[in-house]
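So the chains spell out like this:
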Amino acid sequence: MAALFQKGTSSSSSSSLALGSLHIDDRTAYLALGAVRNISLNISISNVGDDAYDTNVFFNFSGELFFIKMWQKEELGIACELLESDFLKCSVGFPFMRSKSRYEFSVIFDTSHLSGQEETLTFLVTAQSGNLERTESLHDNTLTLSVPLMHEVDSSINGEVFPTSFFYGDSVEASNFVQLENHECLFQSLNFTLQVYNAGPSTLPGAFLDISFPNRLSATGAEIFHVQQMMDCERPGRSCLIIRCNLSSLAKAESCDISIYTLLNTEILKKDSSSVIQFVTRARVRVDPDLRVVEMANGSPEEKPVVFEALHNLEPRGYVVGWIIAISLLVGILIFLLLAVFLWKMGFFRRRYKEIIEAEKSRKENEDSWDWVQKNQ
């Protein structure tokens, strides 16, 4: 960050000091707390009139800043001294700032102790000399530089659920589930563990963590989840179960863990025809703009999906078994009818069985007669 100041005199017998244009040179329109260790105010001051006696530039600044040093490219007779912890005096060209002279120097401050409690970082810069100045020219002897202070963070979230999958169904042992008092339904316990991390560079003064659970299998279905325990969270009453957690302050490279213990009603799952039901729970970190917090561009993702699956015990359900039996009977009858039609087309049912029996009887009688003749011979 840089500031450009100009001072000039316009009278031959008196001086008229003026602080001119202000230039801020920075990548953003704010100062990110913790992103930089120091800032520099680059000062350019010139005298276009008579010699100015005892010319000084004064700086009033925040008590959370620390003056480090004054720097000048060439030795021009500029000296700075800290009169108070938040008040700096820089003498320019003592004892005289010569006519038509120009001085450039930089004042460097340490910003590592900025807390961010103040919304802006303000510098009050005043130029004056020992010469008499006209009253109408005093209005531009003072310049105020204000830079917004922002918490620039790179928050991310990671999470997991245990178990990642489970079986349900009538054949699954009831001891594998949780049964609550005054409830006939069996519940599957699920433990969600989420971790919010702040990679900085600023401290995250506060944020919200929204966790969304798919709480119904259909729009009009019953609620599936029953939340048992959660840390620093509140649950608005919505059809989709949403839990909002208020996160406390997180310094750079710090993290916090959120644990949520829930129960899932397996009786509702039995009403669904799917053999595998996949649940996607989403958690998202939301910063509070009222606390002057911004997320870094192209930083880590602030949303994390956590997936688990409910697996049916793979045994045929009652209505499935009924359908299998009915379809099997229909297929058997259809095959029998097709076979009967095929045999009828082949003439199987039109053969003259009576003529065949009589012919066979005559053949046997002829054979018996022939055997008698042979025996008599």
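Residues numbered from 1 in each chain as written. Predicted model: local features only at pLDDT ≥ 70, side-chain atom pairs only at ≥ 80, totals over all residues. Heavy atoms only, no water.

The criterion, for reference: UniProt positions are given in the numbering used here, feature names are shortened, and annotations may be inferred rather than shown by experiment.
Naming follows an unreviewed UniProt entry, where the protein appears as Integrin alpha-9 of Grus japonensis. A UniProt comment under Subcellular location (unreviewed entry) is attached to the protein, and it reads "Membrane".

Section: unusual backbone geometry
The condition that has to hold: Comment: elements are numbered from the N terminus, with helices defined as DSSP H or I runs of at least four residues and strands as E runs of at least two. Each residue is assigned to one of three classes by its accessible area relative to the maximum for its type, calculated with a 1.4 Å probe on protein chains only: buried under 20%, partly exposed between the two thresholds, exposed over 50%.
Cis geometry is adopted by the peptide bond preceding P95, which originates at F94 and carries an omega value of 5°. With respect to the helices and strands, the residue P95 is situated in strand β6 (residues 87-97). Going from F162 to P163, the amide bond is cis rather than trans, its omega being -5°. Here P163 is to be found in the loop between β10 (155-162) and β11 (165-168). Despite not being glycine, R292 has its phi angle at roughly 60°, a positive value. Take R292: it is sitting in the loop between β18 (276-287) and β19 (293-295). Here R292 falls in the buried class, since its relative accessible area comes to 16%. Positive phi, normally seen in glycine, also occurs at N298, with a value near 60°. For N298, the position within the fold is in the loop between β19 and β20 (303-312).

Observations regarding the confidence of the model for the protein
Heads up, the condition is: What pLDDT reports is the predictor's confidence in each residue, on a scale of 0 through 100. Whether two residues are in contact is decided by their heavy atoms, any of which lying within 4.5 Å being enough.
Scored by pLDDT, the protein has a mean of 80; 81% of the residues are at 70 or more. Low pLDDT (under 50) marks residues 1-18, which in the prediction has 82 contacts with non-local residues, meaning those over four places away or in another chain. Confidence drops under pLDDT 50 across residues 20-25; counting only partners more than four residues distant or on other chains, this segment forms 17 contacts.

A short note on the side chain of S129
For the record, the criterion: For the purposes of these results, a polar contact is taken to be a pair of N or O atoms within 3.5 Å, where, inside protein, one atom must be able to donate a hydrogen and its partner to accept one; residues adjacent in sequence count only when each atom of the pair is a side-chain atom.
Mapped onto the elements, S129 comes out in the loop between β8 (120-128) and β9 (142-153). According to the relative accessible area criterion, S129 is buried, its value standing at 12%. One polar contact links the side chain of S129 to the main-chain amide nitrogen of N131, over a distance of 3.4 Å.

A closer look at the nonpolar core
We count it as follows: Put simply, buried Ala, Val, Leu, Ile, Met, Phe, Trp, Tyr and Cys residues joined by side-chain atoms within 4.5 Å make one nonpolar core.
With 39 residues, the main nonpolar core has V196, L209, I211, F225, L264, F279 and F308 as its most contacted residues. With residues up to four places along the chain from it excluded, the contact list for F308 reads V161, P163, T164, F166, L190, F192, F225, L264, I277, Q278, F279 and T281. Listed in part, the 28 residues of the second largest apolar core include L31, I39, L121 and L145.

Focus on the packing of aromatic side chains
Quick note on the threshold: In this scheme Phe, Tyr and Trp rings, the latter by its six-membered ring, pair at centre separations within 6.5 Å, and the angle between planes marks the pair as stacked below 30 degrees, edge-to-face above 60, and tilted otherwise. We call a charge positioned over a ring when the NZ of a Lys or the CZ of an Arg lies within 6 Å of the ring centre and within 35 degrees of the ring normal.
A full pass over the atoms with the stated rule returns eleven aromatic pairs. Between Y53 and F96, the aromatic rings sit 5.4 Å apart at their centres with planes inclined by 55°, giving tilted as the arrangement. Highlighted residues: Y53 in strand β3 (residues 52-60) and F96 in strand β6, separated in sequence by 43 residues. With relative accessibility at 40%, the residue Y53 sits in the partly exposed group. Plain terms: the ring middles of F213 and F225 are 5.3 Å apart, the flat faces sit at 55° to each other, and that makes the pair tilted. In this pair, F213 sits in strand β13 (residues 207-213) while F225 sits in strand β14 (residues 225-230), placing the two residues twelve residues apart along the sequence. There is no split in this pair, since F213 and F225 are both buried. An aromatic cluster is defined as three or more aromatic residues linked by ring pairs; in this entry it consists of F192, F213, F225, F279 and F308. The side chain of R244 reaches across the aromatic face of F208, ending 4.8 Å from its centre.

A word on the environment of E302
Within the fold, E302 resides in the loop between β19 and β20. You can call E302 buried: its relative accessible area is 18%. Spatially, the C-alpha atom of E302 lies 5.6 Å from that of R284, the residues being 18 residues apart in sequence. In this structure, E302 is in contact with S155, I157, A283, R284, V285 and E295, ignoring residues within four places of it in sequence.

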